[in-house]
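Here are the chains, one letter per residue:
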Amino acid sequence: MTALPITTTGLGKRFGRTWALRDCTFEVPEHSLCALVGGNGAGKTTLLRMLAGLSRPTTGELEVAGRRPADDPAFLADVGFLAQEIPLYRRWTAEDHLAFGAHLNPRWDGAATRDRLRRVNIPLERRIEALSGGMRAQVALALALGKRPRVLLLDEPVAALDPLARRDFLGTLTAAVADEDLTVLLSSHLLADLERVCDHLVLLSAGHLHLCADIEEIVAAHKVLTAPARETAALERDHHVIHVDRTPRQVSVLARMGIGPIEDGWHVEDVGLEEIVLAYLGRTESREVASR
Amino acid sequence: MTWVLWRQHRTQVAVLGAILAVFAVLMAITGNQMAHDYEAIRHCGDCRGFGLTRSYNLPRTVVNLSVGVPVLLGVFLGAAMMAREVEQATNVLAWTQSVTRRRWLATKLGTVLLITVAIAGGMAALVTWWSRTMNSLQDYRFEALQFDIQNLSPVAYSLFAVALGFAAAAILRRMLPAVGVTVGGFFAVRLFIELSVRPHYAATRHATFALFAPTVRPRGAWMVGTKLLDGNGDVVRGPLRMPAACRAAVDRLSADQCVSKLGYKVVSSFHPADRYWPFQWIEAGIFVALAALLVAVGAMVVLRRDA
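Basis of the calculations
- Residues numbered from 1 in each chain as written.
- Chains lettered and ligands numbered in written order.
- Predicted model: local features only at pLDDT ≥ 70, side-chain atom pairs only at ≥ 80, totals over all residues.
- Heavy atoms only, no water.
- Pairing = 2+ DSSP bridges.
- Helix = DSSP H or I, 4+ residues; strand = E, 2+ residues; numbered from the N terminus.
- Axes fitted to C-alpha atoms, helices over the stretch in contact; angles between N-to-C directions.
- Contact = heavy atoms within 4.5 Å.
- pLDDT = per-residue confidence, 0-100.
- Disulfide = S-S within 2.5 Å.
- Buried < 20%, exposed > 50% of the residue type's maximum accessible area, 1.4 Å probe, protein only.
- Phe/Tyr/Trp six-rings, centres within 6.5 Å; stacked < 30°, edge-to-face > 60°.
- Lys NZ or Arg CZ within 6 Å of the ring centre and 35° of its normal.

**Things to note about the sheet that holds strand β9 (residues 208–214) of chain A**
Residues and elements named next belong to chain A. Overall, mixed pairing links the six strands, which are arranged β5-β6-β7-β3-β8-β9 in an open sheet. If you trace the sheet from one side to the other, it starts and ends with β5 (79–82) and β9, each paired once. Across the sheet, the mean angle from the axis of one strand to that of its neighbour is 15 degrees, orientation sign disregarded. In this structure, strand β3 (residues 33–37) lies alongside strand β7 (residues 183–187), joined through four bridges in parallel fashion. Bridge pairing in β7 places Leu 33 opposite Val 184. Of the strands in this sheet, β3, β5, β6 (151–155) and β7 touch helix α6 (residues 163–179), which is tilted by about 155 degrees from β7.

See the structure below:
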């Protein structure tokens, strides 16, 4: 059996006196396209950079593609990373970057990479500084995919792209996941995009892990319950209440359903991923405000 | 990795190579001309040198300006090599390919230091060759400025400057502060060694002269300093005040004679010409050792610190 693409146990990272990430334990299953969501400063970048071996954890353990991050060619060959800044050599052409990838990666797939860039109409002979943001992101993604990693980590790669460039980018990504032995962890704020392309979700908020599960399971497990104004105590006993919205006339509860029964009188409805994520993110914020 | 480094540094190499080539042409033309002119006048006695040095003032100034080459290399090769990568985050790109950070750094440092030795060595060879006429005329190559731009020392300074630029950029991670530290640090260390350490590589020799006799500079020596001693052998500090015994002197000449008779004398301290090469080796050794230390510190920071 091959090792899981990503496993972490009690992972934490402290910068100075503040914890950017704390006590983070999760697994990402094989061949998944996993979304990493969370507000600004939730610890997404910190997590991705530790997984990529660029920074060291303060506490805990992690394994990517069955190996602990290390300055070791075998680990590096298995893990691809695309940083938020989409770093490329500005004065080089895309063609130069292809040669760069070919020289630095033993499993480099030049033909497929060239093909990928041609399909999205990237001029290979033009300097990077003369390309649009979307084109740069495509070059960087092609470079990351070209080394044929087992795990690809992407830090908000579509944040700066227009809808069309975003569609092309995610199209390239999903095609690659379908064709190859690849697992992707992708952070983004664009929940609609993520819901469309991803099958797994990791949710961070304020440096803590809140959810890590299959998206279909998450959606199936969460419901919105509404009723004319009434108490929620009984509900909270049997189910995991995430968010309560109370008006004088009505109370609306978003909850992860437990095994217990639901009292009569609640109107149960399905809920979309976006609403679920917002409920989780909003919850920690209001908690923080309350604790101050 | 070699291809990557070539692609990355080829512009720098081309620019530096072009500057070196232009300099080489200038040196070849004026150097040969000067040697030729020198042949024509070398037997005319006292006239030697004066006309020659004056008519080659411009190329000589250019040659002397090569004292700034090390710090330029420190900025454009040393500081730029790390700071530009970190500022554009391309180090993150390089460190997530299948090549270890250690190998990336070793190859990069090796390449940059090799370029440094090539450029600085070429420059020093040209300057040394060009200066051969001046050297045989006046033999000032042991004196401060000439010592710094001929033979080994400029190459060692360049290695030091590049290592300093690299370490500063590795620690500070930004171009401008790294450049500031490179320039400031380089001049501070260079001046300190030149003024306070180099004179003590060996004990100076001394030559004693009568008070009003001309002091003679031994050929090819480095004159470190002169001091005035009174009749008891104590150093006279500040301006010479007329000793009591000579206050009665009626005119300047008799006063001079009176003071001389009291035993006042001038002592010059110098390093003789045959110490030139030992001093070059010591100086180069110190700066190469400093460079090695800085490279080690910078490399440790790059390898240990989170990207």
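**Focus on the pairing of strand β1 (residues 6–15) of chain A**
Residues and elements named next belong to chain A. Strand direction decides the pairing type here: β1 and strand β4 (residues 59–64), joined by five bridges, are antiparallel. Within β4, the residue paired with Thr 8 across the bridge is Leu 62. Relative to strand β2 (residues 18–28), β1 runs antiparallel, the two being bridged by seven bridges. Residue Leu 11 lies in a different strand from β2, and its bridge partner there is Cys 24.

**Looking at the confidence of the model for chain A**
Summary statistics for chain A give a mean pLDDT of 90 and a share of 96% for residues scoring 70 or more. Segment residues 286–292 of chain A: pLDDT under 50, and one contact once partners within four positions in sequence are set aside and those in other chains are kept.

**Description of the state of the cysteines**
Considering all chains together, one arrives at one disulfide over all chains under this definition. Here Cys246(B) engages in a disulfide with Cys258(B); their sulfurs sit 1.9 Å apart. Of note, the bridge from Cys246(B) to Cys258(B) carries an S-S torsion of about -85 degrees and is left-handed in sense. Note that Cys246(B) is positioned in the loop between β2 (222–229) and α11 (252–261) and Cys258(B) in helix α11, a separation of twelve residues in sequence. A residue is classified by how much of its surface remains accessible, and Cys246(B), at 3% relative accessible area, is buried. Summary of cysteine pairing: Cys212(A) is not part of a disulfide, and the nearest cysteine sulfur, belonging to Cys34(A), is at 5.9 Å.

**Considerations on unusual backbone geometry**
Residue and element names in this part refer to chain A. A positive phi angle is found at Asp 23, which is not glycine, with a value near 50 degrees. Topologically, Asp 23 is positioned in strand β2. Positive phi, normally seen in glycine, also occurs at Arg 148, with a value near 50 degrees. Tracing the sequence through the fold places Arg 148 in the loop between α5 (133–146) and β6.

**Quick notes on the environment of Leu152(B)**
Residue and element names in this part refer to chain B. Relative to the helices and strands, Leu 152 resides in the loop between α8 (144–149) and α9 (153–172). In this structure, the C-alpha to C-alpha distance between Leu 152 and Ala 125, residues 27 residues apart in sequence, is 9.1 Å. Not counting residues within four places of it along the chain, the set of residues in contact with Leu 152 comprises Trp 277, Gln 280, Trp 281 and Ala 284.

**Regarding the packing of aromatic side chains**
All names here are of chain B. Overall, the coordinates contain 17 aromatic pairs over all chains when judged by the stated rule. Relative to Phe 147, the ring of Phe 142 has its centre 5.9 Å away and its plane inclined at 20 degrees; by these criteria the two rings are stacked. Taking the relative accessible area as the measure of exposure, Phe 142 reaches 1% and is therefore buried. For Phe 147, a relative accessible area of 0% translates into the label buried. One aromatic cluster in this structure is built from Phe 142, Phe 147, Tyr 201, Trp 222, Tyr 276, Trp 277 and Phe 279. Taking the ring centre of Tyr 276 as reference, the NZ or CZ of Arg 141 above it sits at 3.8 Å.

**Let's talk about the sheet that holds strand β3 (residues 265–271) of chain B**
Residue and element names in this part refer to chain B. Across the sheet, which stays open at both edges, the three strands sit in the order β1-β3-β2 with antiparallel pairing between neighbours. Looking at which strands have only one partner, the edges of the open sheet turn out to be β1 (205–210) and β2. Within this sheet the neighbouring strands show an average axis-to-axis angle of 25 degrees, counted without direction. The sheet contact formed by β1 and β3 spans six bridges and is antiparallel. Within the sheet, the bridge partner assigned to Phe 209 lies in β3 and is Val 266.

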